[in-house]
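Reading the structure
Spelled out from the first residue to the last, the chains are:
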Amino acid sequence: MNPETKRNAVPSPSVGADGGQQFANMNNTNIPDAGAESNENFDELKKKLRRMQDPAYLPTVTMTELYDTVYESKPPVIDGLLQNGTYIFAGAPKVGKSFLMAQLAYHVATGKPLWGYDVHRGTVLYLALEDGHERLQKRMYRMFGVEDVSKLHFAINAKQLGNGLDAQLEKFVREHPDTQLIIIDTLQKVRELSGEAYSYRDDYHIIGQLKQFADKFKICLLIVHHTRKTPADDEFDRISGTTGIYGCADGAFVLSKERRTDSSATLSISSRDQPDQRIHLVRDEATLQWNFDHADTELYKEPPDPLLEKVAALVTEEVPKWEGSATELIAATGCEIQPNALAKRLNVNAAKLLCDYGIHYSNAHTKAGSRITLTLQR
């Protein structure tokens, strides 16, 4: 199908880390008006539909289609620290994981910066499945006093994955469309019981199911888990279970202490979407909050893109919307770039425009060419 006359189908996220992508449901495909299209284009559409019904059909997307598609995305939950996706948060029993989970949940629900990292506010669901309401009440009061927040929700009971949890989480997210973060504390509480040791396949499958949910709704799922007692050169090799747990997730956090009685700890972070980090924390014994001490490396920040800065300058409080072709956008910004190349660069950087400049970008493909819209998000 000609990408200039029809919007490309967007592939849905893969379930596993290395799994192939599949096209979104055909209901998401924008089928052109038959009266406005030539018979030739309509025949091409019917041919493609027949191919997709073939049991041997393999969905693919070309590099050209990738660049011609604008993928809807959301800003990180915490800039430079916590992205959207599925992450394992592991540590030894009683190391302080639940207190750090409460701290993350509170900061995301309030939008207050955490350790100098900017936070994008949103609703948080914390499945505190090893706690009761009274313990949660005392913990939150000790950590944050009487300053409560309505965007932070707790649940101390939930169904298991594959046996009702999926529907519970989906209903919550649909009722709270601004949901940013769901914390599952702990993994063992929501997975089906097995009389035998879990295999790599079992571990990969359980995380894959959770990853599919997080990718579908573009939220962050943080799954609390345990580490082994066995030492390892790599902190992430200590995550309990097979490598299927860490391998399928988008990343992992490991909280560790040299001695159980220490008030200091190290938070090791590995992710597909940002450089690895090691953050050193110190626990405040009065509030039991984890405070930032130092990091082994400075937080990486992408250098500013001159093209995006010029494009963003066109949209202001006084002029909150700009529309036009790629050629007109080149003229408005004074950039020396071909229209096709400009459209592709903006397609790829749509999320950055939204996150860094608060500008929503869309690019509609018509017979006359691209129609670009830039809208300031108030």
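You'll find the structure just up there.
A few points on the structure.

Quick notes on the rules
Residues numbered from 1 in each chain as written. Predicted model: local features only at pLDDT ≥ 70, side-chain atom pairs only at ≥ 80, totals over all residues. Heavy atoms only, no water. Helix = DSSP H or I, 4+ residues; strand = E, 2+ residues; numbered from the N terminus. Buried < 20%, exposed > 50% of the residue type's maximum accessible area, 1.4 Å probe, protein only. Areas by Shrake-Rupley, 256 points an atom, 1.4 Å probe, with all protein chains shown as cover. 1 Å grid on protein atoms, 1.4 Å probe; cavity = no way out; pocket = protein on both sides within 12 Å on 5 of 7 lines; lining within 4 Å. Points joined across faces, edges and corners; volume = space filled by probe spheres on them. Nonpolar A, V, L, I, M, F, W, Y, C, P; charged D, E, K, R; others polar. Pairing = 2+ DSSP bridges. Axes fitted to C-alpha atoms, helices over the stretch in contact; angles between N-to-C directions. Contact = heavy atoms within 4.5 Å. Parallel < 35°, antiparallel > 145°, perpendicular 65-115°, else oblique. Left-handed = near helix turned anticlockwise from the far one by under 90°. Core = buried A, V, L, I, M, F, W, Y, C linked by side-chain atoms within 4.5 Å. Polar contact = N/O pair within 3.5 Å; in protein donor to acceptor, adjacent residues only side chain to side chain. Phe/Tyr/Trp six-rings, centres within 6.5 Å; stacked < 30°, edge-to-face > 60°. Lys NZ or Arg CZ within 6 Å of the ring centre and 35° of its normal.

From N to C terminus, the protein chain includes 11 helices and 14 strands. Going through the 378 residues of the protein chain one by one, you find that 44% of them count as buried. Element-wise, carbon and sulfur atoms account for 49% of the exposed surface of the protein chain, whose accessible area totals about 20,300 Å².

A few words now on empty space enclosed by the protein. Within the structure shown, the criterion is met by one cavity of 30 Å³ or more. Looking at the largest cavity, its volume works out to about 60 Å³. If you go around the largest cavity, the residues you meet are Leu81, Leu82, Phe89, Leu100, Leu104, Trp115, Leu222, Phe253 and Leu267. Of the residues contributing to the lining of the largest cavity, the split by class is nine nonpolar, no polar and no charged.

Strands sit in the order 5-4-6-7-3-8-9-10-11 across an open sheet of nine strands; the sheet is mixed. If you trace the sheet from one side to the other, it starts and ends with strand 5 (152–155) and strand 11 (290–295), each paired once. Taking the axes of each pair of neighbouring strands and ignoring which way they run, one obtains an average angle of 20° across the sheet. Sheet topology places strand 9 (residues 264–271) next to strand 10 (residues 277–283); six bridges connect them, and they run antiparallel. In the strand pairing of strand 10, Ser264 is matched with Val282. With respect to the sheet, helix 6 (residues 200–217) is in contact with strand 3 (85–91), strand 6 (179–185) and strand 7 (220–226), its orientation differing from that of strand 3 by roughly 130°.

This part covers the packing of helix 3 (residues 97–110) against helix 4 (residues 133–144). Where helix 3 contacts helix 4, the two axes come as close as 11 Å, and the packing angle between them is 65°. It follows from the interaxial angle that helix 3 and helix 4 lie roughly perpendicular. The two elements helix 3 and helix 4 cross, and the hand of that crossing is right-handed. Residues Ser98, Phe99, Ala102, Gln103 and Tyr106 of helix 3 form the contact with helix 4, whose own contacting residues are Arg139, Met140, Met143 and Phe144. Residue composition of the contact of helix 3 with helix 4, by class: six nonpolar, two polar and one charged.

Ile78 and Leu222 are the most contacted members of the largest nonpolar core, which has 44 residues in total. The greatest single-element share of this core, amounting to nine residues, is contributed by helix 3. Core analysis: the next-biggest nonpolar cluster, separate from the first, contains 31 residues, Ile88, Phe217, Ala249 and Ala252 among them.

Take Asn84: it is sitting in the loop between helix 2 (63–68) and strand 3. Residue class for Asn84 comes out buried when judged on its relative accessible area of 18%. One polar contact links the side chain of Asn84 to the main-chain carbonyl oxygen of Lys74, over a distance of 3.4 Å. In terms of polar contacts, Asn84 uses its side chain to reach the backbone carbonyl oxygen of Pro75, at 2.9 Å. Each residue touching Asn84, except ones within four places of it in the same chain, is listed here: Lys74, Pro75, Pro76, Val77, Gln180, Lys218, Ile219, Cys220 and Asp273.

With that settled, consider the packing of helix 5 (residues 165–175) against helix 6. Remark: helix 5 packs on helix 6, axes separated minimally by 12 Å, with the N-to-C direction vectors making an angle of 15°. Here helix 5 lies roughly parallel to helix 6, going by the angle between them. Where helix 5 crosses over helix 6, the handedness of that crossing is right-handed. Together, Asp166, Leu169, Glu170, Val173 and Arg174 of helix 5 and Gln209, Phe213, Lys216 and Phe217 of helix 6 make up the contact between the two elements. Split into classes, the residues belonging to the contact of helix 5 with helix 6 amount to four nonpolar, one polar and four charged.

Attention now moves to the packing of aromatic side chains. Aromatic ring pairs: the centre-centre distance and the angle between the two ring planes describe each pair. Summed over all chains, the structure comprises seven aromatic pairs. With centroids separated by 6.1 Å and ring planes inclined at 65°, the aromatic side chains of Tyr87 and Phe253 adopt a geometry described as edge-to-face. Pair noted here: Tyr87 is in strand 3 and Phe253 is in strand 8 (residues 251–256), with a separation of 166 residues, a long-range link. When sorted by exposure, Tyr87 lands in the same class as Phe253, which is buried. Ring plane angle 10° and centroid distance 3.8 Å describe the contact between Tyr106 and Phe144, whose orientation is recorded as stacked. Of the two residues, Tyr106 is situated in helix 3 and Phe144 in helix 4; the sequence distance between them amounts to 38 residues. Just as Tyr106 is buried, Phe144 falls in that class too. Over the ring of Phe99 we find Arg139; its NZ or CZ atom is 4.9 Å from the centre of that ring. Positioned above the aromatic ring of Phe99 is the side chain of Arg283, whose terminal nitrogen or guanidinium carbon lies 4.7 Å from the ring centre.

Bringing the sheet that holds strand 14 (residues 369–376) into the picture now. Here three strands make up an open sheet; going across it, the order is 12-14-13 and the pairing antiparallel. A single partner strand is all that each edge strand has here, and the edge strands are strand 12 (321–324) and strand 13 (359–366). Each adjacent strand pair in this sheet contributes to an overall mean axis angle of 10°, direction not counted. Two elements, strand 12 and strand 14, share four bridges in a ladder whose sense is antiparallel. Each bridged residue has a counterpart across the sheet, and for Lys321 the counterpart in strand 14 is Thr375. Contacting strand 13 and strand 14, helix 10 (residues 339–348) runs over the sheet at an angle of about 135° to strand 13.

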